[in-house]
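# Coordinate analysis (summary)
The chain contents come next:
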Amino acid sequence: MTQTTEAPAGGADVRTDDAPAPGGGSTSTFAKALNAALADSMAADASVLMFGEDVGTLGGVFRITDGLTARFGEQRCFDTPLAEAGIMGMAIGMAMNGMKPVVEMQFDAFAYPAFEQVVSHVAKMPNRTRGTVRLPLVIRIPYAGGIGGVEHHCDSSEAYYAHTPGLTVLAPATVRDAYFMLREAIASPDPVVFLEPKKLYWSKEELDLAELRRTFEAGQAPRRIGKAVVGRPGTDATLISYGPSVPTALAAAAAAAEEGRSIEVIDLRSIVPFDDETVCASVRRTGRAVVVAEAPGFASVASEIVARVQERCFHSLAAPVLRVTGFDIPYPSPKLEHFYLPSVDRILDAVDALQWED
Amino acid sequence: MSTATNEGRGGLLGGTAAGGAHDGGATPEGALLPSAEPVQLVDPDGRHSTDERYLLPDGEVLLEAYGRLVAGRRINDQANALVRQGRMAVYPSSHGQEACQVAAAAVLDAQDWLFPTYRDTVAVITRGVDPLQVLTLLRGDWHSGYDPHEHRVATQATPLATQLLHAVGVAHAAKLRGEDTVVLAMCGDGATSEGDFHEALNFAAVFHVPVVFFVQNNEFAISVPLRNQSVAPSLAHKAIGYGMPGERVDGNDLAALLAVLGSAVRRARDGGGPSLVEAHTYRMQAHTNADDATRYRSADDVRRWVPKDPITRMRTYLRSLDLLTDEKEQSFADEADAIAADIRKGLNTEVTVNPAELFEYVYTEKTTQLREQAEQLREELARDAAGTPAAETKAGGR
């Protein structure tokens, strides 16, 4: 389990793993936290709607919408015809007319039919109308690999969205963040692409969801959109990561500690807006950095992070900023995916290559 | 302008009897099919042609709509002239389609929504939006110039058919809140080939929402003729595949358009669900001023449509009834001239663009990066204004 405390240096939040368990003994999975965030948002605001494919009676193929139709009725959580552009386009119209739709795209690669609606309208409508039409909608996308999925079920599609001005792009990595970030996304006046790492759906943390609800609704949850967090403090090098790659980065940092290296892990949480301040403060302290992400590295979010860090932290760097990413290939079949995914060993190799002096 | 009040005799779109899947009643398939020929109430010679299902709108309604028709033609002519004079980047004209434009706006009430395309400038103006705000897009100082909520007119859609789904969403939200709102969504014949057209009709039918899909079939998608878009018996026939009624109407007959669209709007308002109306019209001019229509159609093709002009036929009809007097005609012409003069004056006035606005609306709150970029542009402009070369201000920095 993790807890967030204020970091003395740089003002960034730091999660520490040695804090007392905040859950009072109760635990929640990532999936259950998302489900609770949806339910709590719908209970708090009658304009919040949830729709997509199989999200009604079935409760979603990952059960993220489980029980919502039963609790809120078929007008608030419902199945649509199987057409992603239709789902997205209808969500735009509903958002234009006073609703706060949350749509599920079922799988990352099944969101592509909606791409025109996302890029041409979701992202551009507020700008086109000089802010007179805001689109408070959330596009939930079960995302990325590591679950042995067949083709079209494991894409890391964040770069497409991050490259499109007007979209907020979030990728939580912890159960606590999953809850708070989804609530924040639904409350946001801007459209949010909410990337849910599939392989983390079953991860657990000791926490009390009712307590998280009270914290959020009392306005006491720190803002997470645009705010990265130090997932593990360290002094020798920084691993910069987000979403599904954060646990891998944390595992690599733990392994490095056994070899005597103190590695800091930054969990971006928010890809757009990007938190230059937290990332650069860390890299300036450590002088070395590796970016870890599952997506193919070419023209990726990881590329952007490297560029930003080198532009801003050049004089603090002892070594080039490296990347550990997926290869520039289509996502592999289940029996081959472990060759592709960033691993602890591959991250440690990159850390070893950061031009250490001894 | 006020809504056409024609009470049809309950044609295919004339009532709620046809219903939809959600009404639980068995719907005879035939009731969803359009008529064999487009509905026509005033023929090209200006004579009333009777139709068994649709009543001719009242003379006063037609007279008022005719005034809008005259203004619409004048707006098209004026906008074309302003493009030639370099005051606008481009203008997709609805010359010849003005009856569709006027009727689309006229059949809606204040609480309804209109979803127009880039060619529907006249419809948007007829709905009440300030012409200069409407022409902002084409003048080139912003992507849209009006607040969609003010007159309940969505931005003019440039991508094809995408706006039809937004229309479904607006209608769906209104239905969930129990509001009396009908949405009329416009597109052209080419757009019926897009996937979003199919998805919008299907979603509208499945959710049984109050949307009227209005296809202006002007026979061309830029250069591609209708026969290359679809081999369906008519575009209105597509409706049956989604379980909604389709209707065909003479797109140059203002009276028939008011009757058919009015009937479709009433049906939607009364809970009858969505429907599809195809208007048969013709794009008398090139796609835009940037297009050369002689490469794909002959002058004779176009000439064949001249006698079917929507204005001449309505003028003949209204004059034959003595409804359109010389005085009235003069007053319509004066109104049209006044609108054109306003457009001319507005577009001949240099508009001041504000580069700081570029960063203003991307997000509700500017991101750190956008604040930095806005500041960068502001500094560049300040430097330019001061006449200081960039190199000097940078020297000694960093």
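Chain B has the name Pyruvate dehydrogenase (Acetyl-transferring) E1 component subunit alpha in an unreviewed UniProt entry, where Arthrobacter pityocampae is given as its organism. Per UniProt, the comment on chain B under Cofactor (unreviewed entry) is "thiamine diphosphate".

Naming follows an unreviewed UniProt entry, where chain A appears as Alpha-ketoacid dehydrogenase subunit beta of Arthrobacter pityocampae. For chain A, the Cofactor (unreviewed entry) comment in UniProt is given as "thiamine diphosphate".

Our focus in this paragraph is the overall build of chain A. Helix and strand counts for chain A stand at 13 helices and 16 strands. A principal-axis box enclosing the C-alpha atoms of chain A has dimensions of 65 × 45 × 45 Å. Residues counted as buried form 57% of the 358 residues belonging to chain A. Sequence-distant contacts in chain A: of pairs separated by 6 or more residues, those separated by 24 or more amount to 78%.

Let us now look at the domain arrangement of chain A. Residue and element names in this part refer to chain A. You can read the domains of chain A as domain 1 (27-217) and domain 2 (229-352). When each unit is reduced to the centre of its C-alpha atoms, the spacing between domain 1 and domain 2 is 26 Å. Tallying the contact residues gives 25 residues for domain 1 and 21 residues for domain 2. The set of elements that each furnish at least two residues to the side of domain 1 that touches domain 2 consists of helix 6 (158-162), strand 8 (168-170), helix 7 (175-187) and strand 9 (192-197). Here the residues of the side of domain 1 that touches domain 2 sort into 15 nonpolar, six polar and four charged.

Listed by partner, the interface residues are 37 residues for chain A and 33 residues for chain B. When contributions to the side of chain A that touches chain B are tallied by element, the ones reaching two or more residues are helix 3 (84-96), helix 4 (115-122) and helix 5 (125-128) of chain A. Classifying every residue of the side of chain A that touches chain B gives 15 nonpolar, 16 polar and six charged.

With numbering matched to this structure, UniProt assigns "domain: Transketolase-like pyrimidine-binding" (unreviewed entry) to residues 28-203 of chain A. Its end C-alpha atoms 8 Å apart, residues 28-203 of chain A is made of 36% helix and 17% strand.

For the rest of this paragraph, the subject is the environment of P320 of chain A. Structurally, the position occupied by P320 of chain A is in the loop between helix 11 (301-313) and strand 16 (322-326). Residues P320 of chain A and E264 of chain A lie 56 residues apart in sequence; the distance between their C-alpha atoms is 17 Å.

Another aspect to go through is helix 12 (residues 310-320) of chain B. In an α-helix, one turn spans 3.6 residues, which is why side chains three or four residues apart end up on the same side. Residues and elements named next belong to chain B. Turning to helix 12, its buried residues number three or more, namely P310, R313, M314, Y317 and L318. Along helix 12, the residues classed as buried sweep out an arc of 125° about the axis, all on the same side. Looking at the buried side of helix 12, the elements it contacts are helix 2 (59-84), helix 3 (98-106) and helix 10 (254-269). Count one or two residues on from helix 12 and you reach D322, which has phi positive near 65°.

Take helix 8 (residues 209-217) of chain A next. Residue and element names in this part refer to chain A. Here helix 8 has its buried residues at L209, L212 and R213. Looking down the long axis of helix 8, one finds its buried residues gathered within 100° of arc, a one-sided arrangement. Those residues of helix 8 that are buried are in contact with strand 3 (27-29), helix 1 (30-44) and helix 7. Two residues or fewer after helix 8 comes G219, characterised by a positive phi angle close to 75°.

This prediction gives chain A a mean pLDDT of 94; 94% of its residues lie at or above 70. Confidence drops under a pLDDT of 50 for residues 1-11 of chain A, and excluding neighbours within four residues, the segment shows 26 contacts in the predicted structure.

Within the largest apolar cluster, 213 residues are counted, with the highest numbers of intra-cluster contacts made by L254 and L261 of chain B. For this core, the element with the most residues is helix 10 of chain B, which contributes eleven residues.

Turning next to the UniProt feature "domain: Dehydrogenase E1 component" (unreviewed entry) in chain B. Look at the UniProt record and you will see "domain: Dehydrogenase E1 component" (unreviewed entry) annotated at residues 72-340 of chain B. When the span residues 72-340 of chain B is considered, its composition is 43% helix and 12% strand, and the gap between its end C-alpha atoms is 10 Å.

Here we take up the packing of helix 8 (residues 162-176) of chain B against helix 9 (residues 195-206) of chain B. Residue and element names in this part refer to chain B. Running from N to C, helix 8 and helix 9 cross one another at 15°; their axes reach a closest spacing of 7 Å. Taken as axis vectors, helix 8 and helix 9 run roughly parallel relative to one another. The handedness of the crossing between helix 8 and helix 9 comes out as left-handed. Two secondary-structure elements touch here, helix 8 through T162, L164, L165 and V168 and helix 9 through D196, F197, E199, A200, F203 and A204. When its residues are assigned to classes, the contact of helix 8 with helix 9 shows seven nonpolar, one polar and two charged.

On to the confidence of the model for chain B. All names here are of chain B. Per-residue confidence for chain B gives a mean pLDDT of 91; residues scoring 70 or more make up 91%. Considering only residues more than four positions removed or in separate chains, one finds that residues 14-26, a stretch of pLDDT under 50, has 27 contacts. For residues 393-398, every residue scores under 50 in pLDDT, and the model assigns this stretch two contacts once sequence neighbours within four places are set aside. At the level of chain-chain contacts, confidence expressed as ipTM amounts to 0.93, with global pTM at 0.93.

Turning to the sheet that holds strand 6 (residues 246-250) of chain B, a few remarks are in order. Residue and element names in this part refer to chain B. A sheet is described by the order of its strands in space; here five strands give the open sequence 1-2-3-7-6, paired in parallel fashion. Among the strands making up the open sheet, the edge pair consists of strand 1 (113-115) and strand 6. Sheet twist, expressed as the mean angle between neighbouring strand axes with direction ignored, is 20°. Taken together, the six bridges between strand 2 (residues 183-188) and strand 3 (residues 211-217) define a ladder with parallel strand orientation. From the neighbouring strand, G188 faces strand 3, where its bridge partner is Q216. Each of strand 1, strand 2 and strand 3 touches helix 8; the most contacted strand, strand 2, lies at about 175° to it.

A separate point is the packing of helix 3 of chain B against helix 10 of chain B. All names here are of chain B. Where helix 3 meets helix 10, the axes come as close as 9 Å, and the angle between the chain directions of the two elements is 35°. In this structure, helix 3 meets helix 10 at a crossing whose hand is right-handed. Contact residues: A99, C100, V102, A103, A104 and A106 in helix 3; L254, L257, L258 and L261 in helix 10. Along the lines of polarity and charge, the residues of the contact of helix 3 with helix 10 split into ten nonpolar, no polar and no charged.

Rules behind the numbers
Residues numbered from 1 in each chain as written. Chains lettered and ligands numbered in written order. Predicted model: local features only at pLDDT ≥ 70, side-chain atom pairs only at ≥ 80, totals over all residues. UniProt positions renumbered as here; feature names shortened; annotations may be inferred. Helix = DSSP H or I, 4+ residues; strand = E, 2+ residues; numbered from the N terminus. Buried ≥ 20, exposed ≤ 12 C-beta atoms within 10 Å, placed from the backbone. Contact = placed C-beta atoms within 7 Å. Domains from an automatic or database assignment. Nonpolar A, V, L, I, M, F, W, Y, C, P; charged D, E, K, R; others polar. Arc of directions from axis to C-beta. pLDDT = per-residue confidence, 0-100. Core = buried A, V, L, I, M, F, W, Y, C linked by C-beta atoms within 7 Å. Axes fitted to C-alpha atoms, helices over the stretch in contact; angles between N-to-C directions. Parallel < 35°, antiparallel > 145°, perpendicular 65-115°, else oblique. Left-handed = near helix turned anticlockwise from the far one by under 90°. Pairing = 2+ DSSP bridges.

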